[in-house]
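Chain residues, written in single-letter form:
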Amino acid sequence: MEASEGKSKKQGASRLCCLCNQRRPVLKRPKTLQQICKECFYEVFEEEIHQVIVKNGLFKSGERVAIGASGGKDSTVLAYVLSELNRRHSYGLDLFLLSIDEGITGYRDDSLETVKRNELQYGLPLQILSYKDLYGWTMDDIVKMIGLKNNCTFCGVFRRQALDRGAALLKVDKLVTGHNADDIAETVLLNILRGDIARLSRCTSITTGEDGPIPRCKPFKYTYEKEIVIYPFITESFSCSFSNIYIHTYAYFKKLDYFSTECIYSPNAYRGFAREFIKDLERLRPRAILDIIKSGEDFRIATTTKMPEQGTCERCGYISSQKWCKACVLLDGLNRGLPKMGIGRARGGVNGDHQKETKKPASAARSLESKQCGSLDF
Ligand code: SF4
């Protein structure tokens, strides 16, 4: 028994990175399950993102590009990797950080401190826009009025427009966000569950909003969340068994500085269940995430299906398929003390919504709670 254990340890210790075949592996790559060394992991991680950028023609030389920066892991790694690739491959991009301050005490104020440090660490100019300045309301104020139901609907709608306004202020050509493969797979699933074919048809596009004010790109479209998490942290000590490499203690190798606390107003509802479901599938079959994205990509809407027509909001001029854009409807409801006015798919009102606050069945409320951080709109 002891002899065989000794033999196992020896076999594990002598195993080499399956890419370079020279160094000892320090992790099992979540996407491919290959056992690889730190250097090869960084190389494949960055090279895959570079290939996605090149193959999809995401940028043109000389473009000004804003990185939507929240201080979280995805946008921090995106800011770091994009700066590196821009230098290494001479993309010729002018990069900026763009942050939105939703006014969430104890969450966004702290995460913005991280973005301010990133501004200095990466030498990227930072622009911050607040809900308070744009809309006259902070999320703290909104939650005080509406409670913890539907708060993410307000937050997601306001953020989307705030990012576009920030991008216009910076006069950028593109806005990039840190949405990763897991986020996109979850969104495909949620749009199927909600029967939202309009969003389903566009949520896997790597670039969206080309007909709107500023196109948005997702360079992490095929990047697994687990790899983003381990990118800044790679173990310095490890042990091997026959089939697994365990990561014991993490060291700051890339020394990326990011904020990892959850929003205090996160309802963790429907999207949370979808997230867990995807994680379970990934555990059984890592390719599941890419396959769900592929299903979304291959989805086609019959030409006979009537789709909403894109126009502009009569109030603020922002893109909208209704008379008023969603942000104006929600804001009007808040300012009139009728915050539920713009929520749901009820008929009547400016865009067919109820003017009076009405009691909705529990199922209707649940479908709105599902819009968690970032909203379903990519
Ligand atoms: Fe806004 Fe996200 Fe917090 Fe919801 S979870 S309130 S969308 S920051």
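Note that the coordinates shown come from a computational prediction; the quantities given were computed from them, not determined experimentally.

Draft legend 1. Here's a closer look at the pattern of salt bridges. Counting across every chain of the model gives 30 salt bridges. Residue Asp 298 is joined to Lys 294 by a salt bridge in which the shortest nitrogen-to-oxygen separation is 2.6 Å. With a gap of four residues between them, Asp 298 and Lys 294 both fall in helix α12 (residues 288-298), about one helical turn apart. For Asp 298, a relative accessible area of 44% puts it in the partly exposed group. Lys 294 gets classed as partly exposed once you look at its relative accessible area, which sits at 42%. Through salt bridges with shared partners, one network takes in Lys 73, Asp 74, Asp 182, Asp 183, Glu 186, Glu 225, Arg 275 and Lys 279.

Draft legend 2. How the structure looks around the sheet that holds strand β5 (residues 126-130). Ordered in space as β5-β4-β3-β6-β8-β7, the six strands form an open sheet in which the pairing is mixed. Of all strands in the sheet, those bounded by a partner on one side alone are β5 and β7 (207-208). In terms of strand pairing, strand β6 (residues 174-176) meets strand β8 (residues 216-217) through two bridges, oriented parallel. Considered in β8, the bridge of Val 176 is made with Cys 217. Strand contacts of helix α7 (residues 151-169): β3 (64-68), β4 (94-101), β5, β6 and β8, with the helix running at about 140 degrees to β4, the strand carrying the most contacts.

Draft legend 3. Structural detail: the UniProt feature "domain: Cytoplasmic tRNA 2-thiolation protein 1 C-terminal" (unreviewed entry) in the chain. Residues annotated by UniProt as "domain: Cytoplasmic tRNA 2-thiolation protein 1 C-terminal" (unreviewed entry) correspond here to residues 311-341. As a span, residues 311-341 carries 32% helix and 13% strand, and end to end its C-alpha atoms are 22 Å apart.

Draft legend 4. Examining the packing of aromatic side chains more closely. Taken as a whole, this structure holds 10 aromatic pairs when the rule is applied. Centroid distance Phe 59 to Tyr 91: 6.5 Å. Interplanar angle 40 degrees. Geometry classified as tilted. Of the two residues, Phe 59 sits in the loop between α2 (38-55) and β3 while Tyr 91 sits in the loop between α3 (73-88) and β4, which places them 32 residues apart along the sequence. Overall, the relative accessible area of 14% leaves Phe 59 in the buried class.

Draft legend 5. Structural detail: the environment of Tyr 80. One can find Tyr 80 in helix α3. Taking the C-alpha atoms as reference, Tyr 80 lies 6.9 Å from Tyr 122; in sequence the two are 42 residues apart.

Draft legend 6. Structural view of the packing of helix α11 (residues 270-284) against α12. Running from amino to carboxyl end, α11 crosses α12 at an angle of 120 degrees, the nearest separation of the two axes being 8 Å. One way to sum up the angle between α11 and α12 is to call them oblique. In this structure, α11 uses Ile 278, Leu 281 and Glu 282 to contact α12, whose residues at the interface are Ala 288, Ile 289 and Ile 292. Here the residues of the contact of α11 with α12 sort into five nonpolar, no polar and one charged.

Draft legend 7. Representation of the environment of Gly 296. Topologically, Gly 296 is positioned in helix α12. Through-space distance from the C-alpha of Gly 296 to that of Leu 200 is 6.8 Å; in sequence the pair is 96 residues apart. Once you skip the residues sitting within four places of it in the chain, Gly 296 turns out to touch Val 188, Leu 200 and Thr 204.

Calculation notes
- Numbers given to residues run from 1 along each chain, matching the order in which its sequence is written.
- Totals for whole chains, interfaces and linings use all residues, but because this is a predicted model, local features are given only for residues with pLDDT of at least 70 and pairs of side-chain atoms are given and counted only at 80 or more.
- Working from all heavy atoms in the structure, the side-chain values ignore hydrogens and water.
- Any Lys or Arg side-chain nitrogen located within 4 Å of an Asp or Glu carboxyl oxygen qualifies as a salt bridge.
- Helix and strand definitions follow DSSP, with helices as H or I runs of at least four residues and strands as E runs of at least two, each counted in order from the N terminus.
- With a 1.4 Å probe rolled over the protein chains alone, any residue whose accessible area is under 20% of its type maximum counts as buried; one over 50% counts as exposed, and the rest are partly exposed.
- When DSSP finds two or more bridges between two strands, those strands count as paired.
- In what follows, a contact means two residues having at least one pair of non-hydrogen atoms within 4.5 Å.
- Fitting a line to C-alpha atoms yields each axis, with helices limited to the stretch in contact; the angle taken between N-to-C directions then spans 0 to 180 degrees.
- UniProt positions are given in the numbering used here, feature names are shortened, and annotations may be inferred rather than shown by experiment.
- When the centres of two rings from Phe, Tyr and Trp lie within 6.5 Å, Trp using its six-membered ring, the rings pair. Their planes under 30 degrees apart give stacked, over 60 give edge-to-face, and anything left gives tilted.
- Relative orientations are named as follows: roughly parallel for angles under 35 degrees, roughly antiparallel for angles over 145 degrees, roughly perpendicular for angles from 65 to 115 degrees, and oblique for any other angle.
- Ten residues, namely Ala, Val, Leu, Ile, Met, Phe, Trp, Tyr, Cys and Pro, are considered nonpolar, four, namely Asp, Glu, Lys and Arg, are considered charged, and the remaining ones, Gly among them, are considered polar.

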